[in-house]
Amino acid sequence: MPNRKLKERHLEALYRVTHFSKNELEALYSMYRRLVTAAQAAAPASALGHPPKIEGIDQNTFRDVMHNTFDLVTEETILERIWVTWERGANGGEGALKFEAWVKGLSVLLRGNNEERLALCFRVYDLNYDGFITKDEMFVLLKNSLMKQPGDEDPDEGVRDLVELVLRKMDIDKDGKVSLDDYRDAVQQEPLLLEAFGQCLPSKRHVAVFLKNLVSKM
Amino acid sequence: MAEGDNISTFSADGGQDTVGLPRIVMVTEGSDTSASSASSTSPSEDNWADLIKSSEIPPEYWHIQKLVKYMKAGNQTATTVALSCLKDHDLTVEVNQRAIQEIGGLELLVNLLETRDLCCILGGLAVLKDITPNIEIRKKVTDLGAIPLLVGLLSDPARDVQILAAETIANLGRIRKSRKFCRKFGGIPKLIDLLDIKERCIITSREELNQDELQYLDIARAGAKALWSMSASQRNREAMRKYGMIPLIAKMLKTIHLDVAVPTVGLLQMCANETSFQLAIQTERMVNDLIKHLANEDKDLKTYCSLAIYKCASDAITRDMIREAGGLELLVEAAQDSTNRPNKPLLAAVTGALWKCANSDASVKKLDHLGAVPILVRLLDDENDGVLTNVAGALAECAKFPQNRDKIRSAGGIPLLIHHLNNTYKPLLENVPLVLMECAKEQNCMAEIDELDGVRLIWSLLKNDSKKVQTNAALALSPCVQNAADSGEMVRSFVGALDLTVDLLDSDDNNVLSAICAAIATIARDHENLAVISDHGVVAKLSKLVSTTDDHLRANLGVAIAYCCDWAQNRQEFGKRGAITPLVNYMTSRDPNVHRATALALYHLSFYSINCVTMHAAGVVQFLLETIGSKDPILQEASAGCLCNIRKLALATEKIKLKQ
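Conventions we followed
Residues numbered from 1 in each chain as written. Chains lettered and ligands numbered in written order. Predicted model: local features only at pLDDT ≥ 70, side-chain atom pairs only at ≥ 80, totals over all residues. Heavy atoms only, no water. UniProt positions renumbered as here; feature names shortened; annotations may be inferred. Helix = DSSP H or I, 4+ residues; strand = E, 2+ residues; numbered from the N terminus. Domains from an automatic or database assignment. Contact = heavy atoms within 4.5 Å. Buried area = accessible area lost by both parts, 1.4 Å probe. Salt bridge = Lys/Arg side-chain N within 4 Å of Asp/Glu carboxyl O. Nonpolar A, V, L, I, M, F, W, Y, C, P; charged D, E, K, R; others polar. Core = buried A, V, L, I, M, F, W, Y, C linked by side-chain atoms within 4.5 Å. Buried < 20%, exposed > 50% of the residue type's maximum accessible area, 1.4 Å probe, protein only. Axes fitted to C-alpha atoms, helices over the stretch in contact; angles between N-to-C directions. Parallel < 35°, antiparallel > 145°, perpendicular 65-115°, else oblique. Left-handed = near helix turned anticlockwise from the far one by under 90°. Polar contact = N/O pair within 3.5 Å; in protein donor to acceptor, adjacent residues only side chain to side chain.

Things to note about the UniProt feature "domain: EF-hand" (unreviewed entry) in chain A
Residues and elements named next belong to chain A.
And step 1. As annotated in UniProt, the feature "domain: EF-hand" (unreviewed entry) corresponds to residues 113-148 and 158-193 in the numbering used here.
And step 2. With 56% helix and 6% strand, residues 113-148 has end C-alpha atoms that lie 37 Å from one another.
And step 3. Its end C-alpha atoms 19 Å apart, residues 158-193 is made of 64% helix and 6% strand.

Let's talk about the domain arrangement of chain A
All names here are of chain A.
And step 1. Looking at the assigned domains, one finds that chain A contains domain 1 (8-111 + 202-217) and domain 2 (122-193).
And step 2. Summarising the inter-unit geometry, the C-alpha centres of domain 1 and domain 2 are found 29 Å apart.
And step 3. Contact with domain 1, which involves 7 residues of that partner, is made by 8 residues of domain 2.
And step 4. Counting each side, the surface lost to burial between domain 1 and domain 2 is near 700 Å², with a carbon and sulfur contribution of 54%.
And step 5. One can count 0 salt bridges joining domain 1 with domain 2.
And step 6. Residues belonging to the side of domain 1 that touches domain 2 are distributed by class as follows: 3 nonpolar, 1 polar and 3 charged.

Points about the nonpolar core
And step 1. Trp102(A) and Trp459(B) are the most contacted members of the largest nonpolar core, which has 292 residues in total.
And step 2. When we break this core down by domain, the ones giving at least three residues each are domain 1 (8-111 + 202-217) and domain 2 (122-193) of chain A.
And step 3. If sequence neighbours within four positions are ignored, Trp459(B) has contacts with Leu477(B), Val481(B), Val491(B), Phe494(B), Ala497(B), Leu498(B), Leu500(B), Thr501(B) and Ile523(B).

Considering the UniProt feature "repeat: ARM" (unreviewed entry) in chain B
All names here are of chain B.
And step 1. When the UniProt feature table is mapped onto this chain, "repeat: ARM" (unreviewed entry) is found at residues 145-172 and 371-413.
And step 2. From the first C-alpha to the last, residues 145-172 spans 12 Å; its make-up is 79% helix and 0% strand.
And step 3. The straight-line gap between the two end C-alpha atoms of residues 371-413 is 15 Å; of that span, 72% is helix and 0% is strand.

Let's talk about the side chain of Gln97(B)
And step 1. Following the sequence through the fold, Gln97(B) ends up in helix H4 (residues 94-102).
And step 2. When neighbours within four sequence positions are excluded, Gln97(B) is seen to be in contact with Leu91(B), Thr92(B), Asp130(B), Ile131(B), Asn134(B) and Ile137(B).

Things to note about the packing of helix H42 (residues 620-627) of chain B against helix H43 (residues 633-659) of chain B
All names here are of chain B.
And step 1. Running from N to C, H42 and H43 point in directions that differ by 140 degrees, and their axes come no closer than 9 Å. Between H42 and H43, the interaxial angle falls into the category oblique. When the axes of H42 and H43 are compared, the crossing they make is left-handed. Contacts between H42 and H43 pair Val620, Val621, Leu624, Leu625 and Thr627 from the former with Leu635, Gln636, Ser639, Cys642, Leu643 and Ile646 from the latter.
And step 2. Tallied by class, the residues present in the contact of H42 with H43 amount to 8 nonpolar, 3 polar and no charged.

A word on helix H17 (residues 275-283) of chain B
And step 1. Among the residues of H17(B), those classed as buried are Phe277(B), Gln278(B), Ala280(B), Ile281(B) and Gln282(B).
And step 2. Contacts from the buried residues of H17(B) go to helix H14 (234-242), helix H15 (245-252), helix H16 (258-271), helix H18 (287-294), helix H19 (299-312) and helix H20 (316-324) of chain B.

Focus on the interface of chain A and chain B
And step 1. Counting residues at the interface gives 23 residues for chain A and 24 residues for chain B.
And step 2. When chain A packs against chain B, close to 1900 Å² is buried across both sides, 62% of that on carbon and sulfur atoms.
And step 3. The salt bridge partner of Lys169(A) is Asp88(B), with a shortest N-O separation of 2.7 Å.
And step 4. Viewed at the interface, chain B and chain A are joined by 7 residue pairs in polar contact (both at pLDDT 80 or more).
And step 5. For the side of chain A that touches chain B, the leading source of residues is helix H8 (residues 157-170) of chain A, giving 6 residues.
And step 6. Classifying every residue of the side of chain A that touches chain B by side-chain character gives 10 nonpolar, 6 polar and 7 charged.

Structure below.
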């Protein structure tokens, strides 16, 4: 498989909008091509005889990378949400990720500044995209976070209570729901709350290791 | 505050992802000699039991317990949420700490330290840091095996984790077991590594440092706090030296940040209990930085600096460095500052430092220049025994110089000093006689001491069971007896004093014996008193001591024997008791004081002819022929006198032979 290189103007454009260096971008492109090729080879044949063309990072590949490369072990719901809210640009939310979208997303995930990471987490948690995290959305996200105790009359009582507590902590403007501004203020006061509804960011340790290996393999 | 007293009365690999399952690990001590303190129900336990019964427990208590239950039953997400809610409570309050403890929260928190989740670790550490000042919790957390986990976290790449882990270790280090475990699990070198930051961070103000550098500074501060806590154990101090902490402390001492300076100097003064560190303060040129910090307004920092100086000023070169860096001015200023009076640890530390620094002539000169003596005398009315001890010690050093004796008197020091002779605090009783000893050499002072019944009080100190007190009291007696008016009468008026003195010749401590012999030598100049002590068997007791090899004792013993000869059959008795031959042997010593004392004794003994024969047989003449040429006038005279008596006897014997 010919190792295609990024066109110079693409490289330049991406360099400006992401947090990666040009070396890293080229390494990421190689990795992207490897992943797509592998996915294509592994794709099962459809009823029509030949496998569908995979034109980018599809959800399976995405899940593999999150699990194996970044050790992001999190709830299925969350992983799904991250996929859905990934930088899609013109595509609008379906289909595979082309390189540009892929790399922009990685930039936030691995090297995002505080505001970018904040926005990413918020988007993941805001299930209906209305700009607010509501009590119901919190409940959905935290539903499985407590072990069911035998003898619990109402197994969801704990979760509901937890939701109340979190809402009280994060609802700074006291309007019953958490806006992006609320969220930002709350996280500033208590950094632990950034991933309060589920882990969406890989650990710094794994990120550091990944980036180090990325460039050294070149 | 005596020597050795201390005023400042301080890898694991992760792998478990199952958060919230309690696990109890009992950590046992090895067969070491250290014993942990016995645990008994403290008063606080009883209060707590009453409180529970009275059901006046605030709702916060239950709320906290609920949060801990969620942490137990929850995954990482729920745990993180619960932790952030937990942090909202004031966890330094005992009720809240108990809440966590009694629902099994401690096991949970220690467990969190083993997870790989950064949020859980950070949250867990933050809570632990706040609750570990509670002594019960400290013990339980240590028993649960927290120390090896915390030591492991010191190497974590996340700097927040390092800082919180070190600060928690600092809290736990207040119990001995934790300090031992920290050492055994390799914590000391790791903590020392935290101190290794760029000098720029240390000497630049916080506004000019970038984010990274600020964090490194905080890491170093946390490391210093933890090491300070750990340094309460002697073996840890030794380990710190071995792992190369000294140059790093010297570097950190240059800091301009108060919050970093306090733990650094605190650590340094604890370590200065070891002579290796005392020397290092000198060789690594730390004195100048110490003095700079001494000038700081902050009282705690001043206290620790003074303590460090107190501990390292036993070396003369260090004393010079302290003086040259302006340390004495600052110490005197602090002693004079009346706002410092209520701050006893500070005052004791400052006066202690002055005491040890005054051991150099040049320093006393400087202190005189600064008017230190009246300032010190003013402190003699303090309520704190530690302060008084140090002030007395300092005055004793100053009073070695004649001009200061009258200064003490005119500042009203004598009555205060004599008043303190009634105190029971032994270190104080060691120092006060030394001041009076010097003052007694000055006429006006002696008169005042006498007037205030000081000599009797000093004498009664001979009954004290501390050897050092006995020694110093006896030392003070010599000048008192020598210079008091009507000294003989005075001594006789103290009922039982002479008997007491002679009885102390049975002591097994050479310092006591030397001092008593010196006193006896002075007492014996009065004939009536010599009669009394002879009656009490002083000759027998002195004779028993002659076999000693201690030069200091020999010197004083010789003089005592000399002056005890001049009564009744005393010199004959000395001879009969076999004191002569060992005395002659003293001449082989190299100490000139011993020679002088021995010559004196032999001279006085030689007025009895049989003694001359004994001396001659013991080979005294060869020694005397040497010492007769000595430049020491007393030695010369005594040697000549003794030889003269021996000669006279020889001549007389010759004459008798010729007649026959």
